[in-house]
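As a plain string of letters, each chain reads:
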Amino acid sequence: MAMLRAATRLSRAFRTNSIFESHASPLSLSSVKRLDLRCLLSTAAEAVAEPIKPDISISLTKLLIDGKFVDAASGKTFPTIDPRTEEIIAHVAEGDVEDVNRAVKAARRAFDKGPWPKMTPYERSKILLRFADLIDKHSDELATLESLDSGKTYQQSRYAEIPTMARLFRYYAGWADKIHGLTVPADGPHSVQILHEPIGVAGQIIPWNFPLLMFSWKVGPALACGNTIVLKTAEQTPLSALLAGKLLYEAGLPEGVLNIISGYGHTAGAAISSHMDIDKLAFTGSTEVGKIVSQAAAASNLKPVTLELGGKSPFIIAEDANIDHAVEVAHFALFFNQGQCCCAGSRTFVHESIYDEFLEKAKARALKRVVGDPFQNGVEQGPQVSDEQFDKVLGYIKIGQEEGARLLTGGDRFGQKGYYIKPTIFADVQDGMRISREEIFGPVQAITKYKTLSEVIQRANDTTYGLAAGVFSKNIDTVNTLSRALRVGTVWVNCYDVFDAAIPFGGYKMSGHGREKGIYSLNNYLQVKAVVTSIKDPAWL
Amino acid sequence: MIRRIDKISPLSQGEECRMRCLLSTVAESIHEPVKPSISISLTKLLIDGKFVDAASGKRFPTIDPRTEEVIAHVAEGDEEDVNRAVKAACKAFDKGPWPKMTAYERSKILIRFADLIDEHSDEIATLESLDSGKPYEQSRNIEVPMVARLFRYYAGWADKIHGLTVPADGAYSVQTLHEPIGVAGQIIPWNFPLLMFAWKVGPALACGNTIVLKTAEQTPLSALLAGKLLHDAGLPEGVLNIVSGFGPTAGAAIASHMDIDKLAFTGSTEVGKIVSRAAAESNLKPVTLELGGKSPFIITEDSDIDQAVELSHFALFFNQGQCCCAGSRTYVHESIYDEFLEKAKARALKRVVGDPFQNGVEQGPQISDEQFHKIMGYIKKGQEEGAKLVTGGERFGRKGYYIKPTIFADVQDEMTILKEEIFGPVQSITKYKTIPEVIQRANASPYGLAAGVFTKNIDTANTLSRALRVGTVWVNCFDVFDAAIPFGGYKMSGHGREKGVYSLNNYLQVKAVVTSIKDPAWL
């Protein structure tokens, strides 16, 4: 039970890096099963055993429009692939322009006429709370779908991400009835009140690396503020959101408030970003596509856009750091979720005085990383999400070698089937190299040496990205100097990937704009209306 | 002085009688233009604390809209000048004393600047009216004091930009820092050159940013004097750079610049789209937009008709009708419609048009030849589409861009003049029957900037205030622009809010700093 508690939150799981160290596995819950399965586990040198068949039947594969699961207008479907086996999990309805139009029509009606924005915030909050309870109740099923579709470890889905999702909906349920406006002192006899109103129909486009968490970050605040939604999932991972959508309706969401379109970016995604009746766009994905959707939003109806984009986040280890601890957190910062994190600590800056020892230990840690079937207990790393990503990551590994970075370990495919890649480390990476400049989005750690604090600040900031940074130091002056100087949206000090619902997340520079989570995310889904009324005979100003 | 606006007349009534003999009303022609006593000394670009020529050496003329003659030739900034300005602004942000100064020191500079505005208000107001054609009394007694007031307001914010400490779910200390965003690119329009300067520059400086500002090519003069005074007040070099010039050259260079971290634009929806795309295409800089409007002014059946006439007249005709939030769709309840029309016509006929430097004048010329022709085009269109021309409808006088106060009645929702922004002295009046009907019609617009509601009934006021999808609802008043009241649009009138606490968000980045705590005494 103590172990279950320890693993019930993503941040908690990250904080207790000890679970990686002392148990050699983040999978503390089913330690009994872990022992049983130990013989099946692969480490980086071995091949993957036969894939486990999770006990689930895929029943939700249609579009969710106006509270009903419906086929695409075109009748088309697309396959979603199990990244462990490269085989088809299910065929899913493929939404396109016409489906987006139907969804927007439903969302528009739900906003303009429906009960949702006229409901009291208390009633809205109760629906969100009921939904959180249903998430808890269906967490095995949600986690199974999530891992099956994305290749992330089941224990990560089940004990870190799903609880984080329920927690986030409870967090925003609490905000629903606390969206205060202001009264404003005027320069004359006017009563001035500011109303914070829902913005209308929100278009939301989410990525495949954390399908349900990204669903939560987008849907939670939008619903708490009283908006209606047209959400497009990533074509790689359409399944879990459909179940979440069904549960939201079971919790009492009125028809049309949340519409989910599975489909592709250049069709369904483009239709959302350029739609004239969508009032707001929130997008998480690559910087390249972020530019495309922003331009579409501007060219259509100028809907405001929130963007969470790419990153190349520095992880800076100061000379005073405890090396073992630094190795573990830096390893986690990069390899977590198969390296598929926009905020991955993908530039590891190590002070020269500890560089050689760090390298040796980082290599040992990577070699120890347990790669294998995400449904096996004890596995730390599953396959990459897709064929395309697999090839892209291997391409970067090749580039790293060609550009002269020193390959310490890994560098090739793991096993013969599935999109598995061996945990890979490059040392002596130079700032000009592409693996130090571009987002790899895979299990490839790039380690580089630095001498002085001012040098590492300059190098860490010398990027078009500004999403996050890790700082590892016991020295308060070092920590304070770096925390201020790094031009990034999140600085994690002696920790990494802490994603509490209350902590805002988002980027400087070309990592995006706007913040998700926390109180800040409410701004993304609210309009501000000033109501200025002339006062007759004011008793005071 | 600004408080008078929502009462009867924005002008000082004492002076009005004295000058009455000199004034022209709509039927007459204009006297010889008054020659304001001012010499134009600042015409160069302001880059890195110095007034410099454009790299190309080019200049453009700025025109007196009263006379259609050249006031001065002004350095014409282009891409290269924007690059120089951005370089100076980057240096001032990355290395300079500005962001490392205490917030208290920054606030003192802004307060000193406000004092200098007061000290130079005659000169500033003269430049403003000469360049834009707005009445001198409006510039001198309303707008320039508002500029000073706004800088004092944001000076007060400089040392109150608090971040948050955040409760965590585990053993973490979480703080959010609200940091300056960097180099802000700001593009301002010609209708309120100094106020728009203030709305943009005030919050950006209070938050510790540096700036590259482009003024409108119609009205480059007043901002250059304001820029000089800001440096006189102690602003470090390179913190505020001003590039006079045109949209397709200097404006485009700002919008697409890779080293500008933030863009704020006020202007037309059409150009708002262009700059937004340029921002997205280049470095994805976040954009604040204040764009066009077609704001409804709704008069209910219980209204005092005389007051409603006066206020709706002011809501449309103020500043020659050149307001993005002009009350340009006047919805009058059918029960009072005929009486309202008659009185609105009488009020428009009484409107004093003439040289903006004459006391008592309510309406000067439109800003430019182009705007003059655009408005005349809309008047023609209104007639062609069958709206009833109640008064005005033509040029006023033979010289300068003057237009007679114009009213159309019986305007239908699908007519061009009720859908598009005219940006001139043309009031469109239409009749309605029920509140749900007027809500639906008022909201049936791609714009959502502002609305006026005129009623004594609290239920009507509350229902309309909620239902109208606009950024500002003025109830029994209009154009109240206190520094603390946020202003901005719903829908295609833009996004983001200027003024008030809200504008700070436009110029701040949010950084979460999450630190692992050893042995926390409490969570």
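Model, not experiment: these values are computed from the prediction.

What counts, and at which threshold
- Residues numbered from 1 in each chain as written.
- Chains lettered and ligands numbered in written order.
- Predicted model: local features only at pLDDT ≥ 70, side-chain atom pairs only at ≥ 80, totals over all residues.
- Heavy atoms only, no water.
- Helix = DSSP H or I, 4+ residues; strand = E, 2+ residues; numbered from the N terminus.
- Rg over C-alpha atoms; globule rule 2.2 N^0.38 Å.
- Contact = heavy atoms within 4.5 Å.
- Areas by Shrake-Rupley, 256 points an atom, 1.4 Å probe, with all protein chains shown as cover.
- Lys, Arg positive; Asp, Glu negative; His and termini not counted.
- Charge placed at Lys NZ, Arg CZ, Asp CG, Glu CD.
- Buried < 20%, exposed > 50% of the residue type's maximum accessible area, 1.4 Å probe, protein only.
- Expected span 1.5 Å × (residues − 1).
- 1 Å grid on protein atoms, 1.4 Å probe; cavity = no way out; pocket = protein on both sides within 12 Å on 5 of 7 lines; lining within 4 Å.
- Points joined across faces, edges and corners; volume = space filled by probe spheres on them.
- Nonpolar A, V, L, I, M, F, W, Y, C, P; charged D, E, K, R; others polar.
- Core = buried A, V, L, I, M, F, W, Y, C linked by side-chain atoms within 4.5 Å.
- UniProt positions renumbered as here; feature names shortened; annotations may be inferred.
- Phe/Tyr/Trp six-rings, centres within 6.5 Å; stacked < 30°, edge-to-face > 60°.
- Lys NZ or Arg CZ within 6 Å of the ring centre and 35° of its normal.
- Axes fitted to C-alpha atoms, helices over the stretch in contact; angles between N-to-C directions.
- Parallel < 35°, antiparallel > 145°, perpendicular 65-115°, else oblique.
- Salt bridge = Lys/Arg side-chain N within 4 Å of Asp/Glu carboxyl O.
- Pairing = 2+ DSSP bridges.
- Right-handed = clockwise from strand over helix to strand, strands pointing away.
- Buried area = accessible area lost by both parts, 1.4 Å probe.
- Polar contact = N/O pair within 3.5 Å; in protein donor to acceptor, adjacent residues only side chain to side chain.
- Left-handed = near helix turned anticlockwise from the far one by under 90°.

Undergrad: What exactly am I supposed to notice about the overall build of chain B here?
TA: Of regular secondary structure, chain B possesses 16 helices and 22 strands. In terms of C-alpha radius of gyration, chain B reaches 24 Å, essentially the compact-globule figure of 24 Å for 523 residues. Within chain B, counting contacts between residues at least 6 apart in sequence, those at least 24 apart form 74% of the total. If you sum the accessible surface of chain B, you get close to 18300 Å²; carbon and sulfur atoms cover 51% of it. For chain B, the distance from the average site of its 58 positive side-chain charges to the average site of its 64 negative ones is 2 Å.

Undergrad: Got a minute to help me understand the overall build of chain A in this structure?
TA: The helix and strand inventory of chain A stands at 19 helices and 22 strands. Its C-alpha atoms give chain A a radius of gyration of 24 Å, near enough to 24 Å, the size a compact globule of 541 residues would have. C-alpha atoms of chain A, sized along the principal axes, occupy 75 × 55 × 50 Å. Within chain A, the proportion of its 541 residues that are buried is 66%. Contacts spanning at least 24 positions in sequence make up 74% of the contacts within chain A whose residues lie at least 6 apart. For chain A, the exposed surface amounts to about 18600 Å²; the carbon and sulfur share of it is 52%.

Undergrad: How should helix α6 (residues 193–206) of chain B be read in this particular structure?
TA: Working note: α-helix, 3.6 residues per turn, so residues spaced by three or four point in the same direction. Residue and element names in this part refer to chain B. With 14 residues, α6 should reach 20 Å at 1.5 Å per residue; the first-to-last C-alpha distance of 20 Å fits that figure. Most of α6 is tucked away: 14 of the 14 residues are buried. Phi turns positive, to about 90 degrees, at G208, one or two residues after α6.

Undergrad: For this particular structure, what's the right way to read empty space enclosed by the protein?
TA: All names here are of chain B. By the definition in use, this model includes twelve cavities of 30 Å³ or more. When its volume is computed, the second largest cavity comes out at roughly 180 Å³. Along its surface, the second largest cavity is lined by 20 residues, and F192, L195, M196, W199 and F481 are the ones closest to its centre. The class makeup of the residues in the lining of the second largest cavity is 14 nonpolar, two polar and four charged.

Undergrad: What should I look at first to understand the nonpolar core in this one?
TA: It is characteristic of soluble globular proteins that their nonpolar side chains tend to be buried jointly. Formed by 114 residues in total, the largest nonpolar core has its most connected members in F151, F197 and W474 of chain B. Of the residues forming this core, the biggest block, twelve residues, is contributed by helix α5 (residues 136–158) of chain B. Grouped together as the second largest cluster of nonpolar side chains are 113 residues, A110, M165, L408 and F441 of chain A included.

Undergrad: What should I look at first to understand the UniProt feature "domain: Aldehyde dehydrogenase" (unreviewed entry) in chain B in this one?
TA: The UniProt entry lists residues 51–513 of chain B under the feature "domain: Aldehyde dehydrogenase" (unreviewed entry), expressed in the numbering used here. Helix makes up 40% of residues 51–513 of chain B and strand 21%, and the two end C-alpha atoms of the span are 41 Å apart.

Undergrad: Sorry if this is basic, but what is going on with the UniProt feature "active site" (unreviewed entry) in chain B here?
TA: All names here are of chain B. This chain's UniProt record puts "active site" (unreviewed entry) on E290. Tracing the backbone shows E290 in strand β11 (residues 287–290). By relative accessible area, which is 2% here, E290 ends up buried. Ignoring any residue separated from it by four or fewer positions in sequence, one finds E290 in contact with F265, T266, G267, L449, F487, G488, G489, S493, G496, R497 and E498.

Undergrad: Looking at this structure, I do not really get the packing of aromatic side chains. What am I missing?
TA: Each aromatic ring pair is characterised by the separation of its centres together with the angle its planes make. For the structure on display, the rule yields 36 aromatic pairs over all chains. Ring centres 5.2 Å apart and planes at 45 degrees place the aromatic pair F314 of chain B and F318 of chain B in the tilted group. By the burial criterion, F314 of chain B is buried, and F318 of chain B matches it. Feature note: the residues W217, F315, F472, W492, Y496, F499 and F505 of chain A constitute an aromatic cluster, connected by ring pairs. Directly above the aromatic system of W199 of chain B lies the positively charged group of K499 of chain B, at a separation of 5.2 Å from the ring centroid.

Undergrad: Just to check I follow, could you spell out the packing of helix α12 (residues 287–299) of chain A against helix α9 (residues 269–281) of chain B for this structure?
TA: Pairs of packed helices are described in terms of their axes, by the angle between the two and the distance that separates them. One can describe the packing of α12 of chain A onto α9 of chain B by two numbers: an axis separation of 8 Å at closest approach and a directional angle of 180 degrees. Taken together, the axes of α12 of chain A and α9 of chain B are roughly antiparallel relative to one another. Residues K291, S294, Q295, A298 and A299 of chain A of α12 of chain A pack against K273, S276, R277, A280 and E281 of chain B of α9 of chain B.

Undergrad: Before we go on, may I ask you to explain the pattern of salt bridges in this structure?
TA: Close approach of charged atoms lets side chains of opposite charge pair. Residue and element names in this part refer to chain A. Taken as a whole, this structure holds 57 salt bridges over all chains when the rule is applied. Its salt-bridge partner being R413, residue E86 comes within 3.1 Å of it at the nearest N-O pair. Here E86, found in the loop between β3 (77–82) and β4 (87–93), pairs with R413, found in the loop between β14 (406–409) and β15 (424–427); they are 327 residues apart in sequence, far enough to count as distant. The exposure class of E86 is partly exposed, given its relative accessible area of 33%.

Undergrad: Honestly, the pairing of β11 of chain B in this entry has me stumped. Any pointers?
TA: Residues and elements named next belong to chain B. Neither face of β11 is open: one carries V287 and L289, the other T288 and E290, and all of them are buried. Sheet topology note: the strand β10 (residues 262–266)/β11 ladder contains four bridges and is parallel. Looking at β11, one finds that F265 is bridged to L289. For the segment spanning β10, α9 and β11, crossover handedness is right-handed. Where β11 meets strand β21 (residues 494–495), two bridges bridge the pair, whose relative direction is antiparallel. Bridging across to β21, L289 finds its partner in H495.

Undergrad: Just to check I follow, could you spell out the interface of chain B and chain A for this structure?
TA: Interface size is commonly expressed as the accessible surface area that is lost when the partners come together. Listed by partner, the interface residues are 70 residues for chain B and 73 residues for chain A. When chain B packs against chain A, close to 5400 Å² is buried across both sides, 56% of that on carbon and sulfur atoms. Looking at the side of chain B facing chain A, the largest losses of area belong to D169, Y172 and L284 of chain B, adding up to 14% of the total buried there. Summed over the shared surface of chain B and chain A, the number is two salt bridges. Between D187 of chain A and R149 of chain B there is a salt bridge; the shortest N-O distance is 2.5 Å. Where chain B touches chain A, the interface holds 37 residue pairs in polar contact (both at pLDDT 80 or more).

Undergrad: I keep staring at the sheet that holds strand β16 (residues 426–432) of chain B and nothing clicks. Help me out?
TA: Strand pairing within a sheet occurs via backbone hydrogen bonds; the two strands may be parallel or antiparallel. Taken in spatial order, the ten strands line up as β5(A)-β6(A)-β22(A)-β19(B)-β18(B)-β12(B)-β13(B)-β16(B)-β15(B)-β14(B) in an open sheet, and their pairing is mixed. Strands at the two margins of the open sheet, each flanked by one partner only, are β5 (182–184) of chain A together with β14 (388–391) of chain B. Strand after strand, the sheet turns through a mean of 20 degrees between neighbouring axes, direction not considered. The pairing of strand β12 (residues 296–299) of chain B with strand β18 (residues 450–454) of chain B spans three bridges and is classified as parallel. Looking across to β18 of chain B, one finds that F297 of chain B is bridged to G452 of chain B. Helix α14 (residues 435–443) of chain B rests against β12, β13 (329–333) and β16 of chain B of the sheet, and its axis sits at about 145 degrees to β16 of chain B.

Undergrad: What should I look at first to understand helix α6 (residues 121–137) of chain A in this one?
TA: All names here are of chain A. Helix length check: α6 (17 residues) gives 24 Å between terminal C-alpha atoms against 24 Å at 1.5 Å per residue, within 8%. Three or more residues of α6 are buried, namely R124, S125, I127, L128, F131, A132, L134 and I135. The inward-facing, buried residues of α6 abut α7 (139–150), α8 (154–176), α9 (211–224) and α10 (239–250).

Undergrad: Looking at this structure, I do not really get the sheet that holds strand β19 (residues 490–493) of chain A. What am I missing?
TA: Read from one edge to the other, the open sheet built from ten strands follows the order β14(A)-β15(A)-β16(A)-β13(A)-β12(A)-β18(A)-β19(A)-β22(B)-β6(B)-β5(B), with strand pairing classed as mixed. Since the sheet does not close on itself, it has two edges, and those belong to β14 of chain A together with β5 (164–166) of chain B, each with one partner. Along the sheet, successive strands turn relative to each other by an average axial angle of 20 degrees, direction set aside. Inspection of the sheet shows strand β6 (residues 172–180) of chain B paired to strand β22 (residues 508–516) of chain B by nine bridges, in the antiparallel sense.

Undergrad: Even after reading the chapter, I still don't get the packing of α7 of chain A against α8 of chain A, so can you show me in this structure?
TA: Residue and element names in this part refer to chain A. Contact geometry of α7 with α8 gives a least axis separation of 8 Å together with a crossing angle of 125 degrees. On the basis of the axis angle, α7 is oblique to α8. Pair α7 / α8 crosses with right-handed handedness. Residues S139, D140, L142, A143, T144, E146 and S147 of α7 pack against Y154, S157, R158, E161 and I162 of α8. Across the contact of α7 with α8, the residue classes break down as four nonpolar, four polar and four charged.

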